[in-house]
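# Working through the structure, step by step
Single-letter residue listing:
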Amino acid sequence: MRDALSYWLASRDAFEYWFLTINKKLWDGLSKEDKAILSAAADTVMAEQALAAEKDESEFKKKLEAAGVKVYEVSQQEWETSAKVVREKAWPRIQSELLGSVLMKK
């Protein structure tokens, strides 16, 4: 990015997400205990990935600044205002068209 940008706005408006998948027939054949073990392991992996992403973002932001890219960040108030609008307007559409209520509530 440093070769293409002079400025970067760290708007915190995007996120990465990961999927861990398993064949439904295999999942249905597992015991309740095995399902709990796999679900707990998946939760651990996802939590670790989120922490790693935050660390990576911080490191790359520093690299951009060191390369002369001016980094701007939105204030907490700006972010909260934006988040409120997104939750009111975009999330209902994401729920109805993509994810459904179970995933959105989670």
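Notes on the structure follow. These figures come from a predicted structure and were not determined experimentally.

### Details of the overall build of the chain
If you tally the helices and strands in the chain, you get 3 helices and 2 strands. Listing each helix as α and each strand as β along the chain from the N terminus yields β-α-α-β-α. Against the compact-globule benchmark of 13 Å for 106 residues, the chain has a radius of gyration of 19 Å, which places it well outside the compact range. If you line up the chain on its principal axes, its C-alpha atoms span 55 × 30 × 25 Å.

### Concerning a nonpolar patch on the surface
Together, Tyr7, Leu9 and Tyr72 line one region of the surface with nonpolar side chains, adding up to about 350 Å² of accessible area. Mapping tyrosine 72 onto the fold places it in strand β2 (residues 70-73).

### Some words on the pattern of salt bridges
Tallied over the entire structure, the rule returns 5 salt bridges. Close ionic contact of glutamate 59 with lysine 55 constitutes a salt bridge, the shortest N to O distance being 3.5 Å. Separated by 4 residues within a single helix, glutamate 59 and lysine 55 lie in helix α2 (residues 32-66), roughly one turn from each other. Under the relative-accessibility criterion, glutamate 59 is labelled partly exposed at 34%. For the salt bridge of lysine 84 with glutamate 88, the shortest nitrogen-to-oxygen distance reads 2.9 Å. Placement of both lysine 84 and glutamate 88 in helix α3 (residues 76-105) is noted, with a separation of 4 residues, approximately one turn of the helix. Residue glutamate 88 is classed as partly exposed on the basis of its relative accessible area of 48%.

### A look at α2
The end-to-end C-alpha distance of α2, which contains 35 residues, comes to 51 Å, matching closely the 51 Å that a straight helix rising 1.5 Å per residue would cover. Just past α2, the residue glycine 68 takes up positive phi, approximately 95°.

### Notes on the packing of aromatic side chains
What the rule picks out here adds up to 1 aromatic pair. Above the ring of tyrosine 72, the side-chain terminus of lysine 70 is found at 5.2 Å from the ring centroid.

Criteria and thresholds
Residues numbered from 1 in each chain as written. Predicted model: local features only at pLDDT ≥ 70, side-chain atom pairs only at ≥ 80, totals over all residues. Heavy atoms only, no water. Helix = DSSP H or I, 4+ residues; strand = E, 2+ residues; numbered from the N terminus. Rg over C-alpha atoms; globule rule 2.2 N^0.38 Å. Patch = residues over 30% accessible without salt bridge, like charges linked within 9 Å, V, L, I, M, F, W, Y side chains within 5 Å. Areas by Shrake-Rupley, 256 points an atom, 1.4 Å probe, with all protein chains shown as cover. Salt bridge = Lys/Arg side-chain N within 4 Å of Asp/Glu carboxyl O. Buried < 20%, exposed > 50% of the residue type's maximum accessible area, 1.4 Å probe, protein only. Expected span 1.5 Å × (residues − 1). Phe/Tyr/Trp six-rings, centres within 6.5 Å; stacked < 30°, edge-to-face > 60°. Lys NZ or Arg CZ within 6 Å of the ring centre and 35° of its normal.

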